[in-house]
Amino acid sequence: MKYCDFHIHTIFSDGLLKPEEVVAKAKEQELSVIAIADHDAVDGVEPAIRTGKELGIEVIPSVELSSIYDNIDIHILGYFIDYKNPELLVFLKKVQVQRTLRAKRIIEKLKEQGVELSVERVLELAGTGSVGRPHIAQALFERGYINSFDEAFYRFIGYHSPAYVPKMEISPGEAIELINHFSGISVVAHPGTMRRDDVIYHLIEEGISGIEVWHPEHNEAQVEYYLELAIKNRLLITGGSDCHGGRKGKLFLGEIRVPYEYYEELKSRHEKILRKADCGKRNAE
Ligand code: AMP
Ligand code: ZN
Ligand code: FE
Ligand code: FE
């Protein structure tokens, strides 16, 4: 049997592993297909594809976009996104700039709480990737303000916490549209963490193509529920470890093993999208 992990982060967002290291770990775990899905970034895709070719692992170019609906953070995965498209790169750059400004605002708000973090250190922890709250959590940890990542979120930077600052606001519909525009396949990430299943129906109305059924934060009942929901609504089915390379204390890579048949479905949808785009181009000529 061949297995896949459709959701992995790298140093190009808030993961701890380089794309090359992710691919090597995937090989160790005997995975056949992985998706590099960084928050608002695609820089990890090319190095992962290169290493994947050497090690015999297929890499799906992907991205995880953040959107907001009804004050809930909704993450939309974009599979097979046209990761070299200059227009996409300009958009992602804009989001990354906003993320940096937001990190600075979070640090200012922390200061009002008597918590002193250096902007330079947070940006250093983020390296070349999209800056996120996990980098702030790491800096808080280093300075001894917290004992666990969870504590960082519930005391300081989580939703409803004093130093919470939202990200650039795009709606799930806009995220889906963007992914479609760049020939990708939109999939709602970890729906179980939203705790609002009605939102999924909103996403279906907005044209979402798939749902992440398997995720470390989904229990068995949720997996069954989302699987059934996917089948009833003809959604594509994916799953992934959401591996951040040990940032949350656990590696997760290899824990979620999605059968290869779901990759084939995803790939055949991607090929259909490409054929359609080709047809459109030829008709326009
Ligand atoms: P951001 O994209 O900057 O809003 O950061 C969101 C990321 O923070 C998520 O993708 C998770 O990786 C991480 N995160 C969110 N909530 C928690 C939590 N309670 N504990 C640890 N990590 C979290
Ligand atoms: Zn993350
Ligand atoms: Fe996510
Ligand atoms: Fe993720």
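We now turn to the structure provided with this report. What you are looking at is a predicted structure, and each value in this text was computed from that prediction instead of being measured. (Residues numbered from 1 in each chain as written. Chains lettered and ligands numbered in written order. Predicted model: local features only at pLDDT ≥ 70, side-chain atom pairs only at ≥ 80, totals over all residues. Heavy atoms only, no water.)

## What to know about the overall build of the protein chain
Here comes step 1: Along the backbone of the protein chain there are 10 helices and 8 strands.
Here comes step 2: In terms of C-alpha radius of gyration, the protein chain reaches 19 Å, essentially the compact-globule figure of 19 Å for 285 residues.
Here comes step 3: The principal-axis extents of the C-alpha atoms in the protein chain amount to approximately 60 × 45 × 40 Å.
Here comes step 4: Each of the 285 residues in the protein chain was classed as buried or not, and the buried ones make up 54%.
Here comes step 5: Considering only residue pairs separated by 6 or more positions, the protein chain has 71% of its internal contacts joining residues 24 or more positions apart.
Here comes step 6: Of the roughly 13800 Å² that the protein chain leaves accessible, carbon and sulfur atoms contribute 48%.
Here comes step 7: Across the protein chain, the centroid of the 35 positively charged side chains sits 3 Å from that of the 45 negatively charged ones. (Helix = DSSP H or I, 4+ residues; strand = E, 2+ residues; numbered from the N terminus. Rg over C-alpha atoms; globule rule 2.2 N^0.38 Å. Buried < 20%, exposed > 50% of the residue type's maximum accessible area, 1.4 Å probe, protein only. Contact = heavy atoms within 4.5 Å. Areas by Shrake-Rupley, 256 points an atom, 1.4 Å probe, with all protein chains shown as cover. Lys, Arg positive; Asp, Glu negative; His and termini not counted. Charge placed at Lys NZ, Arg CZ, Asp CG, Glu CD.)

## Brief notes about the sheet that holds strand E6 (residues 210-214)
Here comes step 1: As summarised here, the arrangement of the 8 strands in space is E7-E6-E5-E4-E3-E2-E1-E8, forming an open sheet in which the pairing is mixed. Two strands bound the open sheet, and with one partner strand each, they are strand E7 (236-239) and strand E8 (258-259).
Here comes step 2: Sheet topology places strand E1 (residues 3-8) next to strand E2 (residues 33-39); 3 bridges connect them, and they run parallel. What sits directly across from Ile 8, in E2, is Ile 36.
Here comes step 3: Strand contacts of helix H1 (residues 19-28): E1, E2 and strand E3 (58-69), with the helix running at about 145° to E2, the strand carrying the most contacts.
Here comes step 4: Each of E1, E2, E3, strand E4 (72-79), strand E5 (185-188), E6, E7 and E8 is contacted by helix H10 (residues 261-284), which is oriented at about 125° to E7, the strand it contacts most. (Pairing = 2+ DSSP bridges. Axes fitted to C-alpha atoms, helices over the stretch in contact; angles between N-to-C directions.)

## Re the site of ligand 1
Here comes step 1: Lining the immediate environment of ligand 1, one finds 13 residues, of which His 39, Arg 99, Arg 102, Arg 133 and Lys 167 sit closest.
Here comes step 2: The contact in question runs from an oxygen atom of ligand 1 to an N or O atom on the side chain of His 39, over 3.2 Å.
Here comes step 3: One of the side-chain nitrogen or oxygen atoms of Asp 150 is found 3.2 Å away from a nitrogen atom of ligand 1.
Here comes step 4: Considering ligand 1 on its own, with 500 Å² of exposed area, one finds that the protein chains cover 82% of that surface.
Here comes step 5: Among the elements of the structure, helix H3 (86-112), helix H5 (133-142) and helix H6 (149-157) are those that each provide at least two residues to the shell around ligand 1.
Here comes step 6: Split by residue class, the shell around ligand 1 holds 2 nonpolar, 4 polar and 7 charged. (Near = heavy atom within 4 Å. Polar contact = N/O pair within 3.5 Å; in protein donor to acceptor, adjacent residues only side chain to side chain. Nonpolar A, V, L, I, M, F, W, Y, C, P; charged D, E, K, R; others polar.)

## A short note on H1
Here comes step 1: Among all positions in H1, only Pro 19, Val 22, Val 23 and Ala 26 are buried. What you see down the axis of H1 is that its buried residues fit within an arc of 95°, all on one side.
Here comes step 2: Buried residues along H1 sit against E1, E2, helix H2 (45-55) and E3.
Here comes step 3: One or two steps after H1, the chain reaches Glu 30, where phi turns positive at roughly 55°. (Arc of directions from axis to C-beta.)

Everything listed here is a matter of geometry and, on its own, says nothing about what the molecule does.
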